[in-house]
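One letter stands for each residue in the lines below.
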Amino acid sequence: MAKPAEVPFSEAAGLPIVTLTAYEGIVKRGKVKSGDRVFINGGSSAVGLMAIQLAKQRGATVVTSCSGAKREFVQALGADLVSCNMTTNKACEADSSSL
């Protein structure tokens, strides 16, 4: 796979270890499957972003934490429920009644 021209080598170099770390947690050790519920701490971190996508691809319901500023971003990647940390923003409080 070719590196996109707009991504510098210094950033692209970290992608393999980030992806392998998330894969190890979600697939190898977690054995996440369809119907599972997964909590990903730090969903907007590099590993968290990959873990959200891997868990969703495997059919899991994903609950994650992140800062309020990243809420929409992690939801766009597939997080079903987002609990914002370090905020008093009522819009970010988790509503687990649907889970």
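Residues numbered from 1 in each chain as written. Predicted model: local features only at pLDDT ≥ 70, side-chain atom pairs only at ≥ 80, totals over all residues. Heavy atoms only, no water.

**Q** Even after reading the chapter, I still don't get helix 3 (residues 46-57), so can you show me in this structure?
**A** The periodicity of an α-helix, 3.6 residues per turn, causes residues three or four positions apart to be oriented the same way. In a regular helix each residue adds 1.5 Å, so 12 residues correspond to 16 Å; helix 3 covers 17 Å between its end C-alpha atoms and thus fits that length. Considered for burial, the residues of helix 3 that qualify are Gly-48, Leu-49, Ala-51, Ile-52, Leu-54 and Ala-55. Where the residues of helix 3 are buried, they touch helix 2 (15-29), strand 1 (37-40), strand 2 (61-67) and helix 4 (71-76). One or two steps after helix 3, the chain reaches Gly-59, where phi turns positive at roughly 90 degrees. (Helix = DSSP H or I, 4+ residues; strand = E, 2+ residues; numbered from the N terminus. Expected span 1.5 Å × (residues − 1). Buried < 20%, exposed > 50% of the residue type's maximum accessible area, 1.4 Å probe, protein only. Contact = heavy atoms within 4.5 Å.)

**Q** Quick question: what am I supposed to make of the pattern of salt bridges here?
**A** Opposite charge on two side chains permits pairing when their charged atoms draw close. One pass over the structure, following the stated rule, counts three salt bridges. One salt bridge in this structure joins Glu-24 and Arg-29, with 3.0 Å as the shortest N-O distance. With relative accessibility at 32%, the residue Glu-24 sits in the partly exposed group. A relative accessible area of 68% places Arg-29 in the exposed class. Among the salt bridges present, the one from Lys-33 reaches Asp-36, with a minimum N-O distance of 3.3 Å. (Salt bridge = Lys/Arg side-chain N within 4 Å of Asp/Glu carboxyl O.)

**Q** How should unusual backbone geometry be read in this particular structure?
**A** Trans peptide bonds make up most of the peptide bonds, and negative phi angles are found at most residues other than glycine. Here Lys-31, not a glycine, exhibits a phi torsion of approximately 50 degrees, which is positive. With respect to the helices and strands, the residue Lys-31 is situated in the loop between helix 2 and strand 1.

Distances and angles like these do not, on their own, reveal function.
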